[in-house]
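This is what each chain is made of:
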Amino acid sequence: MDIRIGIANSPREISFETSQSAADVEKVVAEALDGGKSYVTLADSKGKTYLVPTASLSYVEVGPGESRRVGFVG
């Protein structure tokens, strides 16, 4: 899955691929927001962990990972 996280008051976003399903990512984010946790923890497919303060979340976009294309598009 491809994850994009928008951060409040920041022109950049966090973008990474994860092996978690869309339902798992949605559950983690919803539990953090509903449970009053101060941060969300997500891991990418390369083993990195991202801790994002819930107060700074603008949006979390979950979508299918991009397939890598090889060659020229004509």
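Above this text sits the structure in question.
All residue numbers here refer to positions counted from 1 along the written sequence of the relevant chain. For this predicted model, a pLDDT threshold of at least 70 governs which residues receive local features, and a threshold of 80 or more governs which side-chain atom pairs are given and counted, while totals over whole chains, interfaces and linings are taken from all residues. Note that water and hydrogens are dropped before the side-chain values are worked out from all heavy atoms of the structure.

### Observations concerning the nonpolar core
Side chains of a nonpolar character, in soluble globular proteins, are inclined to be buried together. Definition used in this section: a nonpolar core is a set of buried Ala, Val, Leu, Ile, Met, Phe, Trp, Tyr and Cys residues joined via side-chain atoms within 4.5 Å. Type-normalised accessible area, obtained with a 1.4 Å probe on protein chains alone, sets the label of each residue: buried when under 20%, exposed when over 50%, and partly exposed for intermediate values. Core analysis: the largest hydrophobic core is formed by ten residues, namely I3, I5, F16, V25, V29, A32, V40, L42, V52 and L57. Contacts are assigned to residue pairs that have any heavy atoms within 4.5 Å of one another. Contact partners of L57, with chain neighbours within four places excluded, come to I5, G6, L33, V40 and V52.

### Topic: the pairing of strand β4 (residues 49–53)
Between any two strands, at least two bridges found by DSSP are needed for them to pair. To qualify as a helix, a DSSP run of H or I must reach at least 4 residues; to qualify as a strand, a run of E must reach at least 2; elements of each kind are numbered from the N terminus. For strand β3 (residues 39–43) and β4, the ladder comprises five bridges, and the chain directions are antiparallel. Bridged to T41 within β4 is L51. Between β3 and β4, which pair antiparallel one after the other, the connecting turn spans five residues, and G47 there sits at a positive phi close to 100 degrees.

### Re the pattern of salt bridges
By salt bridge we mean one thing: a side-chain nitrogen of Lys or Arg within 4 Å of a carboxyl oxygen of Asp or Glu. One pass over the structure, following the stated rule, counts two salt bridges. In this structure, the salt-bridge partner of E13 is R4, at a minimum N-O distance of 2.8 Å. Accessibility expressed as a relative area gives 33% for E13, which makes it partly exposed. Here R4 falls in the partly exposed class, since its relative accessible area comes to 28%. Its salt-bridge partner being E61, residue R4 comes within 3.4 Å of it at the nearest N-O pair. Residue R4 is located in strand β1 (residues 2–7), and its partner E61 is located in strand β5 (residues 57–63); the two are separated by 57 residues in the primary sequence.

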